[in-house]
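# Analysis of the macromolecular model
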Amino acid sequence: MMSERFEKQVAELIVDALNLDVEPEDIRPEEPMFGEGLGLDSIDALELAMAISKKYGFQLRSDDGDNANIFASLRSLSAHIAENAK
């Protein structure tokens, strides 16, 4: 089971990588990251994927059919990183 602390680390990465004007603790774990919610777009997804690769040592592929689920929320992204981080 992934910890809240790890979700907070991922939230901090999201805020830092994308220069968001929001505090990491204000990102709700189940809130959508794209469209409604945080309002991220495809450019944000690319920047976020690069930051995740740099920090956690694995690639998020743009052609992964599961990306909509992976990037759905902070919780789903954190779970994916926890499963794949080196």
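Described in the following lines is the structure provided in the data block. (Residues numbered from 1 in each chain as written. Predicted model: local features only at pLDDT ≥ 70, side-chain atom pairs only at ≥ 80, totals over all residues. Heavy atoms only, no water.)

## Points about the overall build of the protein chain
Counting secondary structure elements, the protein chain contains four helices and zero strands. In sequence order, the protein chain lays out its α and β elements as α-α-α-α. Along the longest, intermediate and shortest principal axes, the C-alpha atoms of the protein chain span 25 × 25 × 20 Å. Residues classed as buried in the protein chain amount to 37% of the 86 residues present. Side chains of the protein chain carry 8 positive and 18 negative charges; the gap between the two charge centres is 8 Å. (Helix = DSSP H or I, 4+ residues; strand = E, 2+ residues; numbered from the N terminus. Buried < 20%, exposed > 50% of the residue type's maximum accessible area, 1.4 Å probe, protein only. Lys, Arg positive; Asp, Glu negative; His and termini not counted. Charge placed at Lys NZ, Arg CZ, Asp CG, Glu CD.)

## Observations concerning the nonpolar core
Of all hydrophobic cores here, the largest spans 22 residues; its most connected members are Val10, Ile14, Ile52, Tyr56, Leu77 and Ile81. Listed by contribution, the elements that provide at least two residues to this core are α1 (4-18), α2 (42-56) and α4 (74-84). A per-element tally of this core places α1 first, with seven residues. When neighbours within four sequence positions are excluded, Ile81 is seen to be in contact with Phe6, Val10, Ile52, Tyr56 and Phe58. (Core = buried A, V, L, I, M, F, W, Y, C linked by side-chain atoms within 4.5 Å. Contact = heavy atoms within 4.5 Å.)

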